[in-house]
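A look at the structure
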Amino acid sequence: GGIEPAEVPRCAGVDRAILAVGLDHDARSGAPARMRDRAVLDRTHDARRARVQRRAHVSVRIRDRLAPQYPPALRVLGVLLLNRGNPQRALEILRQALTSNPLNPETYFDMATVYFRTGKLNEALDMAGRALTLEEEDARYHTLLGDIYSKMKRPTEARAAIERAAQLKSRLDYQTTD
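Residues numbered from 1 in each chain as written. Predicted model: local features only at pLDDT ≥ 70, side-chain atom pairs only at ≥ 80, totals over all residues. Heavy atoms only, no water.

Let's talk about helix α3 (residues 71-83)
The end-to-end C-alpha distance of α3 is 18 Å, a good match for the 18 Å that 13 residues give at a rise of 1.5 Å each. Considered for burial, the residues of α3 that qualify are P71, L74, R75, G78, L81 and L82. Seen end-on, α3 carries its buried residues on one side only, within an arc spanning 125 degrees. Opposite the buried face of α3, at more than 90 degrees from it, the exposed residues are V76 and N83. Count one or two residues on from α3 and you reach G85, which has phi positive near 90 degrees. (Helix = DSSP H or I, 4+ residues; strand = E, 2+ residues; numbered from the N terminus. Expected span 1.5 Å × (residues − 1). Buried < 20%, exposed > 50% of the residue type's maximum accessible area, 1.4 Å probe, protein only. Arc of directions from axis to C-beta.)

Description of the packing of aromatic side chains
For the structure shown, the criterion picks out 1 aromatic pair. Looking at R140, its charged tip hangs above the ring of F109, at a distance of 4.9 Å from the centre. (Phe/Tyr/Trp six-rings, centres within 6.5 Å; stacked < 30°, edge-to-face > 60°. Lys NZ or Arg CZ within 6 Å of the ring centre and 35° of its normal.)

What to know about unusual backbone geometry
In this structure, K153 is a non-glycine residue whose phi angle is positive, near 60 degrees. Take K153: it is sitting in the loop between α7 (139-151) and α8 (155-170). The exposure class of K153 is exposed, given its relative accessible area of 71%.

Details of the packing of helix α5 (residues 105-117) against helix α6 (residues 121-134)
Where α5 meets α6, the closest approach of the two axes is 8 Å, and the angle between their N-to-C directions is 160 degrees. The angle between α5 and α6 falls in the class roughly antiparallel. As for the relative orientation of α5 and α6, their crossing is left-handed in sense. Contacts between α5 and α6 pair P105, Y108, F109, M111, A112, Y115 and F116 from the former with L121, E123, A124, M127, A128, R130, A131 and L134 from the latter. When its residues are assigned to classes, the contact of α5 with α6 shows 13 nonpolar, no polar and 2 charged. (Axes fitted to C-alpha atoms, helices over the stretch in contact; angles between N-to-C directions. Parallel < 35°, antiparallel > 145°, perpendicular 65-115°, else oblique. Left-handed = near helix turned anticlockwise from the far one by under 90°. Contact = heavy atoms within 4.5 Å. Nonpolar A, V, L, I, M, F, W, Y, C, P; charged D, E, K, R; others polar.)

Remarks on α8
Relative to the 22 Å expected for 16 residues at 1.5 Å per residue, α8 spans 22 Å between its end C-alpha atoms, a close match to the ideal helical length. Those residues of α8 not exposed but buried are A158, A161, A165 and L168. The buried residues of α8 occupy one face: seen down the axis, they fall within an arc of 95 degrees. More than 90 degrees from the buried face of α8, the exposed residues found are P155, T156 and S170.

Section: the packing of α3 against α5
At their nearest, the axes of α3 and α5 sit 10 Å apart, and the two run at 15 degrees to each other. The angle between α3 and α5 places the two elements in the roughly parallel class. Our pair here, α3 against α5, has a crossing hand that is left-handed. The residues of α5 that touch α3, namely those facing R75, V79, L82 and N83, are E106, T107, D110, T113, V114 and R117. The class makeup of the residues in the contact of α3 with α5 is 3 nonpolar, 3 polar and 4 charged.

Thoughts on the environment of A128
As for its placement among the helices and strands, A128 is situated in helix α6. Judged by relative accessible area, A128 falls into the buried class, the value being 2%. Not counting residues up to four positions away in its chain, the partners in contact with A128 are A112, L145 and I148.

Examining the environment of A160
If you trace the backbone, A160 turns up in helix α8. Sequence separation between A160 and L145 is 15 residues, and the spatial gap between their C-alpha atoms is 9.6 Å.

Put into structure tokens, the structure is as follows:
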């Protein structure tokens, strides 16, 4: 048999109005019960898919409107993408964060990390240098700089950067942001 109108309230997760309209229409058409059930389910599924697509579209519009106004969220998203193995997308997001706030040393540091992990050492060196220009008292920046120099086979500069990082970490007032 088909779905009876009395059963409509018990159908979990189904838009009751769509089912009720579908049942009335199918009952008048004289379609066999299984065809009516299938038609009702198809319409319900299509309506649910349309609602999900509308919500997704609204979410994208909200994200596109709010994200440029909040660069720290973009920076965090970039780091998340990097950690999830998507360095290319991470760079795109971090560039957006830089466009919105070009004076944030953390974003330069994150971009240097992406470049370092992908083997683009000259770009990593450039971004680490920019981060240090804006904030020279962060040991993490010097540590990354030391790692970059080490990979570039520049041991003297690598040692100096690592020593500076150790010096900063040994200060009583030094706090990490990790």
